[in-house]
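One-letter residues, chain by chain:
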Amino acid sequence: MPEQSEPSGLERVFAEHAAVDAFDRERSLGPGEMSPRARVQALIDAGSDSFLELGARTRSQRPEARESSYGDGVVTAFGEVGGRMTAVLADDPVAMAQSDGGVGKNKRIRTLTHASQGCLPVVYFAQAAPADLPAPEEGGLLGRYSDGPLIVPEVHFDDRSAPIVTILGGEVAPELQALALDSDVVLRTPGGAATPIPSDVSLPDDAGAIATAATLMRLIPTRDAAPLRRAADAPAPAGAALADEGASDLGAATVAEALCDGGSIVPFAADDAFAAGLGALNGYPVAYVVGGGTAFTRAQLEIFRRVVGIGARFTMPLVLAQHGVAYDEEALGTTDYRRLVGEIAATIHGAETPKLAIISRRGQSAGDFILGGRELGTHYVVAWPDADVSTSEASPFTAARAGALDGMGPWDASGLALVDDVVAPSETRARLGTMLEIMAPIRALPPVVEDKKGRVPYR
């Protein structure tokens, strides 16, 4: 019987396609888990004709592993996500476990170089093989190539103009540790529970993480001076209606949902005491923070810093709601707490973006309170009729000072122009949306300039 010859030409092309599909299909997956290529394909917008995978038929440079290492441990591709071209990387631990990873490392660096040069967002599905597997051989075929700085330019993640989202489903590839640590948003699925990198949002499965990553690509804009674009062609309705009676008694998460468009929120924190995250308001992307009825904890301040940092980096409007929160007077005596408050104040102060504030239960419009004090350059402040509002510039706004405001309505603050308007809860979202319509065309505001007394004039 004559030996069967190897396929060549077009036959080889189709045979390789089939082999890649079979490699993806014939693997064990846990509940709610997708294969790496399925994750990438699910993330790309349905109906998009711009999908392009790089190196689908690459293999390990080790001859003995060639038949079990399609992609050499990573799927790298480009496609539209949320209507914008995005670079996507998905680790494949099944293939990586058979390989020294030299070819896969080259693919990762090349994909990120293209993304950096094209100012494209990046989504990274981290599920690398454990770190104790053999590293690429010194001077190996492509390990040496991908290490050559004259051939592959160094990618600087801290100087990006588009967002980076990492989804932790397992270990992070060694060469992408910096990318994961510097990501704008880090999502975590159950497979990444043991990964030490801090995450912003936890999701129950791959489908939830993919949907959230797609929402983030629609929300976070590219960092430039172009006018803000709407996250959708038509604004979505609010997630929940605010009644004029009893709104001050609502939890922070409920207030945030009512202010943002339905289905637009990616919450970093969401409970009665504190809510923060990214969302859209009348279609415009915003970073929001709503303080609840208790003093800030250190953990809440960490999330606060993370959220306003994203807003400042990508000139997303900041929407801040003073729903009764203040500083913990005892915690202010600790270095870490004071440092966090100072960093948040400096970030908001320097943010060249519209800053909108609501005093919905109890707060301070003057001074440098991090939820919208005028000294931080806040552009628009409204208050609800039954809110207690301090007109003092005294700092810091502690829980004790907030508790002494009982009966101090918003009218004195409004008369002094420390509050721009007193509005009914039910009309708050519409007022904020109108202000965003006014300010969106300018997008990036000029830098804050203080007067001789350190005050910030209205810009």
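As the structure is a prediction and not an experimental result, all values here were calculated from the model.

## Concerning the side chain of Asp184
- By the element assignment, Asp184 lies in the loop between α6 (177-181) and β6 (185-188).
- At a separation of 2.8 Å, a polar atom in the side chain of Asp184 contacts the main-chain amide nitrogen of Ile164.
- Within polar-contact distance, the side chain of Asp184 engages the side chain of Arg313 at 2.4 Å.
- Those residues in contact with Asp184 that sit more than four places away from it in its chain are Arg160, Ala162, Pro163, Ile164, Asp200, Arg306, Ile310, Arg313 and Phe314.

## A short note on the confidence of the model for the protein chain
- Predicted confidence across the protein chain gives a mean pLDDT of 82, with 76% of residues reaching 70 or more.
- Scored below 50 in pLDDT, residues 132-153 shows 31 contacts in the model against residues more than four places distant or in partner chains.

## Thoughts on a negative patch on the surface
- Residues Asp244, Glu245, Asp249 and Asp386 make up a contiguous surface patch of negative charge.
- Its location among the elements puts Asp249 in the loop between α7 (206-219) and α8 (252-259).
- The class for Asp249 is exposed, based on a relative accessible area of 66%.

## Looking at the packing of aromatic side chains
- Summed over all chains, the structure comprises five aromatic pairs.
- Ring geometry for Tyr327 against Phe369: centres 5.3 Å apart, planes inclined by 75°, an arrangement best described as edge-to-face. Here Phe369 lies in the loop between β12 (355-364) and β13 (380-383) and Tyr327 lies in the loop between β11 (318-323) and α10 (335-350), a separation of 42 residues in the sequence. Here the two residues Tyr327 and Phe369 agree in accessibility, since each one is buried.
- Among the aromatic side chains, those forming a connected cluster through ring pairs are Phe274, Phe296, Phe304, Tyr327, Phe369 and Phe397.

## Some points on α10
- The end-to-end C-alpha distance of α10 is 22 Å, a good match for the 22 Å that 16 residues give at a rise of 1.5 Å each.
- Looking at α10, one finds that the buried residues are Tyr337, Leu340, Val341, Ile344, Ala345, Ile348 and His349. Taken around the axis of α10, the buried residues stretch over an arc of 165°, which confines them to a single face.
- Looking at the packing, one finds that the buried side of α10 touches α9 (298-313), β11 and β12.

## Some details on the environment of Ala226
- Mapped onto the elements, Ala226 comes out in the loop between α7 and α8.
- Looking at Ala226, the relative accessible area reads 34%, which means it is partly exposed.
- Separated by 215 residues in sequence, Ala226 and Pro441 place their C-alpha atoms 8.0 Å apart.

## Focus: the pairing of strand β10 (residues 284-291)
- Across the eight residues that make up β10, a large majority, eight, are buried.
- Here β10 shows no split at all, with Tyr284, Val286, Tyr288 and Val290 on one side and Pro285, Ala287, Val289 and Gly291 on the other all buried.
- Examined bridge by bridge, strand β9 (residues 274-281) and β10 share eight bridges and lie antiparallel to one another. If you follow Ala276 over to β10, its bridge partner there is Val289.
- Hairpin connection, β9 to β10: the antiparallel pair is bridged by two residues, and Asn282 has positive phi, about 55°.
- In the sheet, β10 pairs with β11 via five bridges, with the strands oriented parallel. Bridge pairing in β11 places Tyr288 opposite Val319.

## Comments concerning the sheet that holds strand β7 (residues 201-202)
- With respect to topology, seven strands assemble into an open sheet ordered β1-β2-β3-β4-β5-β6-β7, the strand pairing being mixed. Because the sheet does not close on itself, it has two edges, and the strands there are β1 (52-54) and β7.
- Strand direction decides the pairing type here: strand β3 (residues 84-91) and strand β4 (residues 122-126), joined by four bridges, are parallel. Opposite Ala90, over in β4, you have Phe125 as the bridge partner.

Parameters and conventions
Residues numbered from 1 in each chain as written. Predicted model: local features only at pLDDT ≥ 70, side-chain atom pairs only at ≥ 80, totals over all residues. Heavy atoms only, no water. Helix = DSSP H or I, 4+ residues; strand = E, 2+ residues; numbered from the N terminus. Polar contact = N/O pair within 3.5 Å; in protein donor to acceptor, adjacent residues only side chain to side chain. Contact = heavy atoms within 4.5 Å. pLDDT = per-residue confidence, 0-100. Patch = residues over 30% accessible without salt bridge, like charges linked within 9 Å, V, L, I, M, F, W, Y side chains within 5 Å. Areas by Shrake-Rupley, 256 points an atom, 1.4 Å probe, with all protein chains shown as cover. Salt bridge = Lys/Arg side-chain N within 4 Å of Asp/Glu carboxyl O. Lys, Arg positive; Asp, Glu negative; His and termini not counted. Charge placed at Lys NZ, Arg CZ, Asp CG, Glu CD. Buried < 20%, exposed > 50% of the residue type's maximum accessible area, 1.4 Å probe, protein only. Phe/Tyr/Trp six-rings, centres within 6.5 Å; stacked < 30°, edge-to-face > 60°. Expected span 1.5 Å × (residues − 1). Arc of directions from axis to C-beta. Pairing = 2+ DSSP bridges.

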